[in-house]
Amino acid sequence: MKILVCISHVPDTTSKINFTENNSKFDNTGVQFVINPNDEFGLTRAMWFKEKQGANVTVANVGGPETEPTLRKALAIGADAAIRVNGVAIDGFYVAKQLAKVVQDGNYDLIIAGRESIDYNGGMVPGMIAGLIDANFINNCISLEIDGENATAIREIDGGKETVSTSLPLVIGGQKGLVEESDLRIPNMRGIMTARQKPLTVIEPLTTDAQSTSISFEKPAPKGAVKLVSPDNLDELINLLHNEAKVI
Amino acid sequence: MSVLVYTESENGTLKKVAFEVASYAKAVANQLGTTVTAIAINTNSTSELEKYGVDKVLSITNSSLDTFNAKSYAAAVKEAADKENSKVVVISSSINSKYLAPLLSVGLNAGYASNVVEAPISTAPFKVKRTAFTNKAFEITQIETEIKLIGVSKNAFGLIEENGSGAVEDFSPSIPELGITSKSINKASNKVSIADAEIVVSGGRGLKGPENWGIIEELADVLGAATACSKPVSDLGWRPHSEHVGQTGKPVASNLYIAIGISGAIQHLAGINASKVKVVINTDPEAPFFKAADYGVVGDAFEVVPQLIEKLKAFKAQE
């Protein structure tokens, strides 16, 4: 089985978010970048398939040379090869179009992407790849088993879970639950050394228009101070929630 | 040319979010000087949609659509958009709508903006405000394609009543081969889901163990709320992953979010930023959550919450 794991290079979850150039660009000063957490669950599941069932795992992203440490980390975790599409990830459609080309050229059976990246939160890429290559698609995937050409998955739905069956080629939008958080891997020294020898191929992007343009950013208005209520006066809290906030 | 809105229903009944996206579609239609057409799938009655500005309803009755399937639903919405020559398609931000959106976007060659929080800033060029960085910021996005697909954030736009004629027309789109077969659906029938909840009651490590969750559930019961938890709680296995709220868990955009025994890590706060009113109950007055909250009680959850439950019961009995 050939697996492609789509990796997004995103600010660490604890990052403070700031913008520069008249609020038109993300300010990456002092920001540490990591593998998008939703992708990391998928990468770990791909490692499980590789180790238990035999699979070849390639990771891919769309981005400049600055994103290579993130791909190298994925290689250190155990991926066999990496592909960087040397383009600027302008929007979700542009990224999906580039990755769909990678999928078609590489003839992958299973494509794992995170349900969304934690930076732009577009939630577009996995579904758009599936739409572009006409593959089966499961979003919000929290469990995946593969048996030959057949797949059984569980996806999260509002208020519960749905078990579905499908067949390869398959694209999933994965998330927490696909593997346990405790199963996520930290690269060890051997993995880091081995990763240096693994192929990281850089390919040039397709010429394609983006469907949307990021114009500017703004941060939420600063909040007023919290109104503290004494634990001995909870009637006051109910009064505030009823009469002032009007939420109960 | 009509603005098309996909209205979600459950067991034949329109969901509240259907009226919210209809309200949004009407606002866009007003800006464009056009009408609103809704698409309703296996919905018993669509008459209420006219209160939110819907002029026409394309009503689909098809047993193969009883269970949601992103591909078939996307195909149905695409065919409706083609038929109505819609240049703007409005959907919600439910899990299912976010599932069908990218397929629909590819099918319509429509630029998709998810998590949109306001009516368009302008329609030519078409600019919308959406949340990004898990609610730590907003992004102004310009959609460049002729057809625009807008995913409206829950509770962001609200319900706005405006008259529409609500005429119903039967519609029978062709449904493609699905590729995915639903085997079973496991849904807690008597529990409010986080996505649908107006109020969410959430517990953290301050609850000390899963055996103490009774007070969270009882408070949620009194308020008709959903229950949720912080990441450490789901990591410890005290509560299921599906209740984890935060950057890598579920985002919450409720009217009221009550955090009990949660200190307020940056990733948790990112997940609840879109909630309108936040209440925090914590023993530690230095907990970062107090900086993000509207109302706070510094106190022991095991003393405060049972009292709050009793007082809320009395308040509800009076109302």
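Since this is a predicted model, take the numbers as computed values, not measurements.

Draft legend 1. Layout of the overall build of chain B. When you go through chain B residue by residue, the secondary structure sums to eight helices and 18 strands. Here the C-alpha atoms of chain B give a radius of gyration of 21 Å, agreeing with the 20 Å that 2.2 N^0.38 yields for 319 residues. Dimensions along the principal axes, computed over C-alpha positions, put chain B at roughly 60 × 45 × 40 Å. Every one of the 319 residues in chain B was classed for burial, and the buried ones make up 59%. Of all intrachain contacts in chain B linking residues separated by at least 6 positions in sequence, the fraction that spans at least 24 positions is 65%. Charged side chains of chain B number 30 positive and 34 negative; the gap between the two group centres comes to 4 Å.

Draft legend 2. Structural context of the side chain of K250 of chain B. Counting through the fold element by element, K250 of chain B comes out in the loop between α5 (231-235) and β16 (256-260). Of the residues examined, K250 of chain B reaches a relative accessible area of 13% and is grouped as buried. Every residue in contact with K250 of chain B, bar those within four places of it in the chain, is listed here: E156 of chain A together with I194, S242, H244, V245 and G271 of chain B.

Draft legend 3. Fine view of a nonpolar patch on the surface. A surface patch of nonpolar side chains, amounting to about 290 Å² of accessible area, comprises M189, I192 and M193 of chain A. Mapped onto the fold, M189 of chain A is located in helix α5 (residues 189-197).

Draft legend 4. View of helix α2 (residues 70-84) of chain B. Residue and element names in this part refer to chain B. When the terminal C-alpha atoms of α2 are compared, their 21 Å separation across 15 residues agrees well with the 21 Å that a helix rising 1.5 Å per residue should span. When α2 is considered as a whole, its buried residues turn out to be A70, S72, Y73, A74, A76, V77, A80, A81 and E84. Buried residues belonging to α2 abut β1 (2-7), β4 (35-41), β5 (56-60), β6 (88-91) and α3 (95-108). For α2, the N-terminal capping position is held by N69, with its side-chain oxygen 3.0 Å away from the main-chain nitrogen of K71. Two residues or fewer after α2 comes N85, characterised by a positive phi angle close to 55 degrees.

Draft legend 5. Structural view of the UniProt feature "domain: Electron transfer flavoprotein alpha/beta-subunit N-terminal" (unreviewed entry) in chain B. Residues annotated by UniProt as "domain: Electron transfer flavoprotein alpha/beta-subunit N-terminal" (unreviewed entry) correspond here to residues 3-182 of chain B. Here residues 3-182 of chain B is 26% helix and 34% strand, with 31 Å between the C-alpha atoms at its ends.

Draft legend 6. Local environment of the UniProt feature "domain: Electron transfer flavoprotein alpha/beta-subunit N-terminal" (unreviewed entry) in chain A. Here, UniProt's "domain: Electron transfer flavoprotein alpha/beta-subunit N-terminal" (unreviewed entry) annotation points to residues 23-212 of chain A. Between the first and last C-alpha atoms of residues 23-212 of chain A the distance is 17 Å; the span itself is 32% helix and 32% strand.

Draft legend 7. Structural detail: unusual backbone geometry. Residue P169 of chain A is bonded to the preceding L168 of chain A through a cis peptide linkage, with omega at 0 degrees. Tracing the sequence through the fold places P169 of chain A in the loop between β11 (160-167) and β12 (170-174). For the bond running from A124 of chain B to P125 of chain B, omega is 0 degrees, close enough to zero to count as cis. Mapping P125 of chain B onto the fold places it in the loop between β8 (122-123) and β9 (126-132). A positive phi angle is found at N22 of chain A, which is not glycine, with a value near 60 degrees. With respect to the element layout, N22 of chain A can be found in the loop between β3 (19-20) and β4 (25-26).

Draft legend 8. Main features of the side chain of D39 of chain A. Residue and element names in this part refer to chain A. Structurally, D39 is set in helix α1 (residues 37-53). Of the side chains bearing the opposite charge, R115 lies closest to the buried D39, which forms no salt bridge; the N-O distance is 9.4 Å. Leave out the neighbours within four places in its chain, and D39 touches V5, C6, I7, S8, A113 and G114.

Draft legend 9. The interface of chain B and chain A, seen in detail. Every contact between the two is made by 83 residues of chain B and, on the other side, 75 residues of chain A. When chain B packs against chain A, close to 6,800 Å² is buried across both sides, 58% of that on carbon and sulfur atoms. Together, Y99, F133 and Y295 of chain B form the three largest contributors to the area buried by chain B at its contact with chain A, with a combined 12%. At the boundary of chain B with chain A, the tally comes to seven salt bridges. The shortest N-O distance in the salt bridge between K223 of chain A and D294 of chain B comes to 3.1 Å. Linking chain B to chain A there are 44 residue pairs in polar contact (both at pLDDT 80 or more). Per-class residue counts for the side of chain B that touches chain A are 35 nonpolar, 31 polar and 17 charged.

Procedures and definitions
- Residues numbered from 1 in each chain as written.
- Chains lettered and ligands numbered in written order.
- Predicted model: local features only at pLDDT ≥ 70, side-chain atom pairs only at ≥ 80, totals over all residues.
- Heavy atoms only, no water.
- Helix = DSSP H or I, 4+ residues; strand = E, 2+ residues; numbered from the N terminus.
- Rg over C-alpha atoms; globule rule 2.2 N^0.38 Å.
- Buried < 20%, exposed > 50% of the residue type's maximum accessible area, 1.4 Å probe, protein only.
- Contact = heavy atoms within 4.5 Å.
- Lys, Arg positive; Asp, Glu negative; His and termini not counted.
- Charge placed at Lys NZ, Arg CZ, Asp CG, Glu CD.
- Patch = residues over 30% accessible without salt bridge, like charges linked within 9 Å, V, L, I, M, F, W, Y side chains within 5 Å.
- Areas by Shrake-Rupley, 256 points an atom, 1.4 Å probe, with all protein chains shown as cover.
- Salt bridge = Lys/Arg side-chain N within 4 Å of Asp/Glu carboxyl O.
- Expected span 1.5 Å × (residues − 1).
- Polar contact = N/O pair within 3.5 Å; in protein donor to acceptor, adjacent residues only side chain to side chain.
- UniProt positions renumbered as here; feature names shortened; annotations may be inferred.
- Buried area = accessible area lost by both parts, 1.4 Å probe.
- Nonpolar A, V, L, I, M, F, W, Y, C, P; charged D, E, K, R; others polar.

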